[in-house]
Amino acid sequence: MNIQIFGTKKCNDTKKAERYFKERGIKFQYIDMKEKGMSKGEFTSVAQANGGMENMLNPDCKDQDALALIKYSVKDEMLNKILENPQVIKTPVVCNGKQSTLGYQPDVWKTWS
């Protein structure tokens, strides 16, 4: 397994995801979305695996202004606006090769081993 966890230090679900993999002795790479974010390629492949760009957005994020701006953007601009504002992405984003999940989903992760 090649696990990557994209999240933020303040996100409780990200902390729970890290704990899940640590407790099982599964190595993972943590990427802080505030510091590094996701590349266009990473975001696109995760979005495809999870049903599209709209599913990547967190409706409960704190930055509702950025979220509204993104939701009403033209499709071409939407990707760039999301990458510029990673705080609107649901976290954690957990990737294992081509597979990925949004949020805390231990039931799915169990099937990856």
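Up top you'll find the structure we're talking about.
Just so we're clear, the structure is a prediction, and the values are computed from it rather than from any experiment.

How each quantity is defined
- Residues numbered from 1 in each chain as written.
- Predicted model: local features only at pLDDT ≥ 70, side-chain atom pairs only at ≥ 80, totals over all residues.
- Heavy atoms only, no water.
- Helix = DSSP H or I, 4+ residues; strand = E, 2+ residues; numbered from the N terminus.
- Buried < 20%, exposed > 50% of the residue type's maximum accessible area, 1.4 Å probe, protein only.
- Lys, Arg positive; Asp, Glu negative; His and termini not counted.
- Salt bridge = Lys/Arg side-chain N within 4 Å of Asp/Glu carboxyl O.
- Axes fitted to C-alpha atoms, helices over the stretch in contact; angles between N-to-C directions.
- Parallel < 35°, antiparallel > 145°, perpendicular 65-115°, else oblique.
- Left-handed = near helix turned anticlockwise from the far one by under 90°.
- Contact = heavy atoms within 4.5 Å.
- Nonpolar A, V, L, I, M, F, W, Y, C, P; charged D, E, K, R; others polar.
- Pairing = 2+ DSSP bridges.
- Core = buried A, V, L, I, M, F, W, Y, C linked by side-chain atoms within 4.5 Å.

Peer 1: Can you explain the side chain of Glu-18? Please cite residues and give values.
Peer 2: Tracing the sequence through the fold places Glu-18 in helix α1 (residues 12–23). Here Glu-18 occupies a buried position and makes no salt bridge, while the nearest side chain of opposite charge, Lys-22, is found at 4.3 Å.

Peer 1: So what's going on with the packing of helix α4 (residues 64–71) against helix α5 (residues 75–84)? Which residues, and what values?
Peer 2: Packing of α4 against α5 leaves a shortest axis separation of 9 Å and a crossing angle of 160 degrees. On the basis of the axis angle, α4 is roughly antiparallel to α5. Crossing hand, α4 versus α5: left-handed. Across the interface between the two elements, Leu-69, Ile-70 and Lys-71 of α4 pack against Met-78, Lys-81 and Ile-82 of α5. Counted by class, the contact of α4 with α5 contains four nonpolar, no polar and two charged residues.

Peer 1: Pulling in residues and values, what's your account of the pairing of strand β4 (residues 99–102)?
Peer 2: Of the strand pairs in this sheet, strand β3 (residues 93–96) and β4 are connected by four bridges, and their pairing is antiparallel. Looking at β4, one finds that Val-93 is bridged to Leu-102. Turn length for the β3-β4 hairpin, with the two strands adjacent in sequence and antiparallel, is two residues, and the turn residue Gly-97 shows positive phi of about 65 degrees.

Peer 1: Account for the nonpolar core, with residues named and values stated.
Peer 2: Membership of the largest hydrophobic core comes to 21 residues, with the highest contact counts inside it found for Met-38, Phe-43, Ile-82, Val-88, Ile-89 and Val-93. Broken down by secondary-structure element, the contributors of at least two residues to this core are α2 (40–49), α4, α5 and β3. When residues no more than four places from it in sequence are discounted, the contact partners of Val-93 are Gln-4, Ile-5, Phe-6, Met-38, Val-46, Thr-101 and Leu-102.

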